[in-house]
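# Geometric and topological summary
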Amino acid sequence: MKHGNSLALITTACLALVTVSPIGYSDDKPADGTAASRPALSVTVVQPSQQTIPLTLSANGSIAAWQEAIIGAEISDQRLAEVRVQVGETVRKGQVLAVFADDSVAADVAQAKAALAEAEANLSEARLNAGSARKVAGSGVLSAQQTAQYLTSEKTAEAKVQSAKAQLDSQLLRLKHTRVVASDDGIISARNATLGAVATPGQELFRLIRQNRLEWRAELTAAEMAKLHAGVAVTINIPNVAQTTGKVRLLAPTLDMQSRNGLVYVDLPDATRHGLRSGTFAQGEFTLGSSPALTIPQTALSLREGFSYVFKLGKSNGDQASVSQVKVQLGRRMGDQYEILEGIQADDRLVASGAAFLADGDTVKVVQP
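Bear in mind the structure is a predicted one, so any value in this text is a computation, not a measurement.

### Concerning the overall build of the protein
- Counting its regular elements, the protein contains 4 helices and 21 strands.
- Across the protein, the fraction of contacts at a sequence separation of at least 24, relative to all contacts at a separation of at least 6, is 75%.
- Accessible surface computed for the protein: about 22,600 Å², of which carbon and sulfur atoms make up 52%.

Next up, the structure:
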């Protein structure tokens, strides 16, 4: 009985093995025993191109006034009666900016004129007496001492007239200084004049940006300054504000002892029209010429861990090819084209876009554009 049961169990196990084996068998397995790979992505191909790219030098700096003129008081003990301009106003050379009260100065002028008239009258009398003394000199009518006195009085009267004229000129100058005028065309950048204040000589009343002319002062190293000269074109850019152009006016003859940088002064003739203001921080690029470069479009680049990569296609198998990740060194940029300094050759085939979705060794399907 036990022998019969064992035989039945062995028979059942054999039948189970025969039934299960066909399920693991597949007619789709490749003849060479390798598994078929599916492309990770459908891509288009691009090759590096040769382009001429400008040679530029970037720098930072600040917008500043080309020259500022300080307009101060030239009279003392007088009250400021009028202030005719405000900060930001454009003025012309000779335009009246402020007026001091001139009542006391006008009185001094009148007094000086009267003193001059008196001195001139005394001179006329002295000349008449001296003329008479000369006529009778040697006749014995007048002694030599009297004659000398008349002649001396004439010279004294002449000196007093000159002194009175000088006093009048001084008072007229004071009267002129009661009117504060612009020393040049420009724009008022600061105003310290206060109505009713009594100014002292030399006190700053206004500050003027001469000819409303601005410049960009760029900071560069000595090595960078060696590449520049007067007349080099510059493009100035202030993000979200304006962009304008200018030319190098001069290079500073010395470097800062702390930073070891020097200043490059760039004229900006259209700065005001573009809305630039003194004190604004700006970025700029000096144009140094141009040179040929190997470039690829920005879409072919992939940024990973702070480095730039491209994916280069290997040998094609029909419409499929494997890709390899290649690290590249970037140079200049022109539009959406980047210069490649190292990593690829001109005849390499690269993935044109979608590199961010690929990994080294992936298989891609090449699609004709």
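### Focus: the sheet that holds strand β10 (residues 204-210)
- Here 4 strands make up an open sheet; going across it, the order is β4-β10-β9-β6 and the pairing antiparallel. Bordering the open sheet on either side are β4 (68-72) and β6 (90-91), each of which pairs with just one other strand.
- Bridge count for β4 against β10 is 5 bridges, and the pairing is antiparallel. By the bridge assignment for β10, Ala69 is matched with Leu208.

### Looking at the pattern of salt bridges
- With the rule as written, the count across this model stands at 14 salt bridges.
- The partner of Arg92 in a salt bridge is Asp185, with the nearest N and O atoms 3.5 Å apart. A residue pair is termed long-range when its members are at least 10 positions apart, and Arg92 in the loop between β6 and β7 (96-100) and Asp185 in the loop between β8 (179-181) and β9 (186-191) qualify at 93 residues.
- One salt bridge connects Asp270 with Arg273, and the closest N-O pair in it is separated by 3.5 Å.
- We classify Asp270 as partly exposed; its relative accessible area is 30%.
- One salt-bridge network, held together by shared partners, links Arg213, Glu215, Arg217, Arg249 and Asp267.

### Points about helix α2 (residues 103-136)
- Taking 1.5 Å of rise per residue, the 34 residues of α2 would be expected to cover 50 Å, and the 51 Å separating its terminal C-alpha atoms lies within 8% of that figure.
- For α2, the complete set of buried residues consists of Val105, Val109, Ala112, Leu116, Ala119, Leu123, Ala126, Ala130 and Ala133.
- In this structure, the buried residues of α2 make contact with α3 (144-177).
- Once α2 finishes, Gly138 follows within two positions and takes phi at roughly 90 degrees, a positive value.

### Overview of the side chain of Ser291
- Assignment of secondary structure puts Ser291 in strand β15 (residues 281-297).
- With a relative accessible area of 18%, Ser291 lands in the buried category.
- Within the local environment of Ser291, its side chain forms a polar contact with the side chain of Arg332, the two groups lying 2.9 Å apart.
- Those residues in contact with Ser291 that sit more than four places away from it in its chain are Gln51, Thr52, Ile53, Leu55 and Arg332.

### Some details on the nonpolar core
- Formed by 29 residues in total, the largest nonpolar core has its most connected members in Val91, Leu97, Phe100, Val180, Ile188, Leu205 and Phe206.
- Looking at this core, the elements that each hand over two or more residues are β4, β7, α2, α3 and β10.
- Element by element, the count of residues in this core is highest for α2, at 7 residues.
- Excluding residues that lie within four positions of it along the chain, Leu97 makes contacts with Ile71, Val83, Arg84, Val85, Val91, Val180, Val181, Ala182, Ile188 and Phe206.
- Membership of the second largest hydrophobic core comes to 25 residues, among which are Ala65, Met225, Val232 and Ala282.

### Side note on the environment of Pro39
- Within the fold, Pro39 resides in the loop between α1 (2-20) and β1 (41-43).
- A relative accessible area of 34% means that Pro39 is categorised as partly exposed.
- In sequence terms Pro39 and Ala321 are 282 residues apart; their C-alpha atoms lie 8.5 Å from each other.
- When near neighbours in sequence (up to four residues on either side) are disregarded, Pro39 contacts Gln320, Thr363, Val364 and Lys365.

### Some details on the packing of aromatic side chains
- A full pass over the atoms with the stated rule returns 1 aromatic pair.
- The positively charged end of Arg213 is found above the aromatic ring belonging to Trp66, 3.9 Å away from the centroid.

### Remarks on the confidence of the model for the protein
- Mean pLDDT over the protein: 87, with 89% of residues reaching 70 or higher.
- Averaged pLDDT values for the elements of the protein fall to 38 in α1 and rise to 97 in β7.
- In the model, residues 1-36 has pLDDT below 50 throughout and makes 0 contacts with residues more than four positions away in sequence or in other chains.

### Re the side chain of Thr147
- Among the structural elements, Thr147 can be located in helix α3.
- When neighbours within four sequence positions are excluded, Thr147 is seen to be in contact with Ala133 and Leu142.

### A closer look at the pairing of strand β21 (residues 363-366)
- Across 3 bridges, β1 lies against β21 in parallel orientation. Across the sheet, the residue bridging to Ser42 is Lys365, located in β21.
- Sheet analysis places strand β18 (residues 320-334) next to β21, joined by 3 bridges and oriented antiparallel. Paired with Ser322 across the strands is Thr363, a residue of β21.

What counts and what doesn't
Residues numbered from 1 in each chain as written. Predicted model: local features only at pLDDT ≥ 70, side-chain atom pairs only at ≥ 80, totals over all residues. Heavy atoms only, no water. Helix = DSSP H or I, 4+ residues; strand = E, 2+ residues; numbered from the N terminus. Contact = heavy atoms within 4.5 Å. Areas by Shrake-Rupley, 256 points an atom, 1.4 Å probe, with all protein chains shown as cover. Pairing = 2+ DSSP bridges. Salt bridge = Lys/Arg side-chain N within 4 Å of Asp/Glu carboxyl O. Buried < 20%, exposed > 50% of the residue type's maximum accessible area, 1.4 Å probe, protein only. Expected span 1.5 Å × (residues − 1). Polar contact = N/O pair within 3.5 Å; in protein donor to acceptor, adjacent residues only side chain to side chain. Core = buried A, V, L, I, M, F, W, Y, C linked by side-chain atoms within 4.5 Å. Phe/Tyr/Trp six-rings, centres within 6.5 Å; stacked < 30°, edge-to-face > 60°. Lys NZ or Arg CZ within 6 Å of the ring centre and 35° of its normal. pLDDT = per-residue confidence, 0-100.

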